[in-house]
Amino acid sequence: MGCQIRLLGLCLWMYLASLSFISVGSMCARVGEVEKGIVLVHGKCAIGSIDDDFVCATLDWWPPQKCDYGKCSWGHASLLNLDLNNKILLNAVKAFSSLKIRVGGTLQDKVIYGTEDNREPCTPFVLNANEMFGFTRGCLPMNRWDELNRFFQKAGAKVIFGLNELAGKSIKSGFAVGPWNYTNAESLIRYTVRKKYHIHGWELGNELCGHGIGVSVAADQYASDVAALRNIVQNEYRGIEPKPLVIAPGGFFDADWFKEFISKSGKSADVVTHHIYNLGPGVDDHLIDSILNPSHLDGEADTFRSLKGILQNSTNKVKSWVGEAGGAYNSGHHLVSDAFVFSFWYLDQLGMSAVYGTKTYCRQSLIGGNYGLLNTSTFMPNPDYYSALLWHRLMGRRVLFTTFYGTKKIRTYAHCAKESKGVTILVLNLDNSTTVEVNVDLKFNKLPHSGVHEPARREYHLTAPERNLHSQIMLLNGKILHVNSAGEIPPLEPIYVDSSKPITVGPLSIVFAHIPNVILAACS
């Protein structure tokens, strides 16, 4: 915290001291053609850290009959019917080595587990408009759980499984009351341990906190239920290390509710998760306007800031994750949330959440709906898949304080480079007609650029063909990224640029710039 305060003061001082430089650098631009700007990267100390496997994606329960606004976009992407033998799916997950996968979603609180001591029929979800969320209860057969875990193991995924928090509760006036009946969940966990399946975390409940979606659970009762889950994990994993994380509540942020839950849950929870759908309903025809509006993007910072403050003031050493984020709710919007334009929202979310202490960010979804990283029918990567993979490979754990001086249409984030020297800067240009030349000013660089003998700056320019924001094709440095006939994910190769030159960011484009030939104090 002290480092952040000092950096804020330093930033202001440098801004005032360098106004004359900025006036000729970023303010004197050829209007409508090229503007100039400066990105200051403060390298004295990191302002935070993320998990090595920060990027996470979800797999959901929705059956093919799940429809929104008259359109059914889930196909066979459910945990119960997804083709786990698809080569592209396997290679897409393996490319991350490793990818966190959060198993859950709206229907998870209606799932029973077909373990040997379960006395109820193990039947699938059935569409029923009279039921909460539009479906009856469904069941996860243990042979399907076996298949899923074989896939997860082969793909090298880290699994977070969302358990049914509504089991045993009665619904009264929109509230689920009474203690959690954990018998069936405990049976699933016991089966999982016996089979030696590795689970990274067990999460309890989906969107039941605060006002809830459909129904809500009071914070004190939720804390009690999470304590029960903690006891189960401790008992069933006795003698096994590391034990899975205990995660909750997996819902929308409500400051008062989260504050009470964190206070009353004590050491029961390792991670608190919250969900983000800040773009509104998927049916909205103005989603792109929100995505390219800096003020709208800035709005979510209030949530991150508030949650960070609650955690800093708590004696519990609990971490925060974004457990599910699809941007636009009700399955997203075809040719928006599964198209190039969505990478502006997605990468900005990754960058912003990291600045405010988020350790992991789970995208809704890996596949399914209109916001999958993979196409629901063909399994081919959508543009955001490549954005996620580049982030995963280039943005290291340590987050750096970054300030941009110039147009409001530029968004910048910086991290120490991942598994290599130097720093990686992410630049997003939301402007549809202006190229921006971004000069990099590195503060607390231990050596001048020429003092470290490394290749020149490595740049990864992401664009859409003919700047078509609705395109489902991603260009990397002008070349189409596509999966080959063997289902292999293409290599993501940079171009090399003289580090003394500015980073040229074209209209409606995204650039990752890895500068290896610097040594920042924060990254040493």
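Data block above holds the structure.
First, a word on scope: everything that follows refers to the structure included in this document. None of these values were measured; they are calculated from a predicted model.

Thoughts on the overall build of the chain
Right, so step 1: Secondary structure assignment for the chain yields 12 helices and 26 strands.
Right, so step 2: Taken against the 2.2 N^0.38 rule, which gives 24 Å for 524 residues, the C-alpha radius of gyration of the chain at 23 Å falls within 12% of a compact globule.
Right, so step 3: Each principal axis of the C-alpha distribution contributes one length, and for the chain these read about 75 × 50 × 40 Å.
Right, so step 4: Looking at the chain alone, contacts between residues at least 24 apart form 76% of all its contacts between residues at least 6 apart.
Right, so step 5: For the chain, the accessible area works out to roughly 21,100 Å², and carbon and sulfur atoms hold 52% of it.
Right, so step 6: For the chain, the centre of its 50 positive side-chain charges and the centre of its 47 negative side-chain charges are spaced 7 Å apart.

Re the environment of W321
Right, so step 1: Here W321 is to be found in strand β14 (residues 319–325).
Right, so step 2: Classification of W321 as buried rests on a relative accessible area of 2%.

Remarks on unusual backbone geometry
Right, so step 1: Following A248, the chain continues into P249 via a peptide bond in cis, with omega recorded as 0 degrees.
Right, so step 2: Omega for the peptide link from Q364 to S365 comes to 10 degrees, which places this bond in the cis form.
Right, so step 3: Looking at the secondary structure, you find S365 in the loop between β16 (360–363) and α12 (383–394).
Right, so step 4: Backbone geometry at S173 places phi at a positive 55 degrees, although glycine is not the residue there.

Quick look at the pattern of salt bridges
Note on pairing: side chains with opposite charge can pair once their charged atoms come close.
Right, so step 1: Scanning the model with the defined rule gives 24 salt bridges in all.
Right, so step 2: Here K66 and D68 are joined by a salt bridge, their closest N and O atoms 3.0 Å apart. Note on accessibility: K66 and D68 belong to one class, buried.
Right, so step 3: With a closest N to O distance of 2.8 Å, D225 and K169 form a salt bridge.

What about the nonpolar core?
Generally speaking, soluble globular proteins have nonpolar side chains that are buried together.
Right, so step 1: Counting 135 residues, the largest nonpolar core has W145, L163, W202 and F344 as its most contacted members.
Right, so step 2: Leaving out residues up to four positions away in the same chain, F344 has contacts with I291, L292, L428, N429, L430, L469, L508, S509 and I510.
Right, so step 3: The next biggest cluster of nonpolar side chains, apart from the first, holds 21 residues, and it includes V39, I425, L442 and A522.

Describing the state of the cysteines
Put plainly, a disulfide is one covalent bond tying together the sulfur atoms of two cysteines.
Right, so step 1: In the structure shown here, the tally under the stated rule is four disulfides.
Right, so step 2: Bridging C56 to C362, the disulfide has an S-S length of 2.2 Å. The disulfide joining C56 to C362 has a torsion of about 85 degrees about its S-S bond and is therefore right-handed. Here the residue C56 occupies a position in strand β3 (residues 55–59), and C362 occupies one in strand β16, the gap between them amounting to 306 residues. Like C362, C56 is buried.
Right, so step 3: The residue that forms a disulfide with C416 is C523, at a sulfur-sulfur distance of 2.0 Å. Residues C416 and C523 are joined through a disulfide that is left-handed, its torsion about the S-S bond being -85 degrees. Residue C416 is located in strand β18 (residues 410–417), and its partner C523 is located in the segment after β26 (509–515); the two are separated by 107 residues in the primary sequence.

Quick word on the side chain of N316
Right, so step 1: Examined against the element boundaries, N316 turns out to sit in the loop between α10 (301–312) and β14.
Right, so step 2: Reaching out from N316, the side chain makes a polar contact with the backbone oxygen of I262 at a distance of 2.5 Å.
Right, so step 3: Not counting the four nearest positions on each side in its chain, N316 is found in contact with I262, S263 and G266.

Some details on a nonpolar patch on the surface
Right, so step 1: Residues Y69, V283 and Y329 make up a contiguous nonpolar surface patch of roughly 280 Å² in combined accessible area.
Right, so step 2: Inspection of the secondary structure puts Y69 in the loop between β3 and α3 (87–94).
Right, so step 3: Looking at Y69, the relative accessible area reads 40%, which means it is partly exposed.

A look at the packing of aromatic side chains
Right, so step 1: Under the defined criterion, the tally for this structure stands at 22 aromatic pairs.
Right, so step 2: Seen in terms of ring centroids, Y385 and Y386 are 5.5 Å apart; in terms of plane orientation they differ by 80 degrees. Their pairing is edge-to-face. An identical accessibility class is assigned to Y385 and Y386; each is buried.
Right, so step 3: Linked through ring pairs, W61, Y113, F125, W145, F161 and W202 together constitute an aromatic cluster.
Right, so step 4: When the ring centre of W62 is taken as origin, the NZ or CZ atom of K66, which lies over that ring, is 4.2 Å away.
Right, so step 5: Positioned over the ring face of W321 is K100, at 4.9 Å from the centre of the ring.

Conventions we followed
Residues numbered from 1 in each chain as written. Predicted model: local features only at pLDDT ≥ 70, side-chain atom pairs only at ≥ 80, totals over all residues. Heavy atoms only, no water. Helix = DSSP H or I, 4+ residues; strand = E, 2+ residues; numbered from the N terminus. Rg over C-alpha atoms; globule rule 2.2 N^0.38 Å. Contact = heavy atoms within 4.5 Å. Areas by Shrake-Rupley, 256 points an atom, 1.4 Å probe, with all protein chains shown as cover. Lys, Arg positive; Asp, Glu negative; His and termini not counted. Charge placed at Lys NZ, Arg CZ, Asp CG, Glu CD. Buried < 20%, exposed > 50% of the residue type's maximum accessible area, 1.4 Å probe, protein only. Salt bridge = Lys/Arg side-chain N within 4 Å of Asp/Glu carboxyl O. Core = buried A, V, L, I, M, F, W, Y, C linked by side-chain atoms within 4.5 Å. Disulfide = S-S within 2.5 Å. Polar contact = N/O pair within 3.5 Å; in protein donor to acceptor, adjacent residues only side chain to side chain. Patch = residues over 30% accessible without salt bridge, like charges linked within 9 Å, V, L, I, M, F, W, Y side chains within 5 Å. Phe/Tyr/Trp six-rings, centres within 6.5 Å; stacked < 30°, edge-to-face > 60°. Lys NZ or Arg CZ within 6 Å of the ring centre and 35° of its normal.

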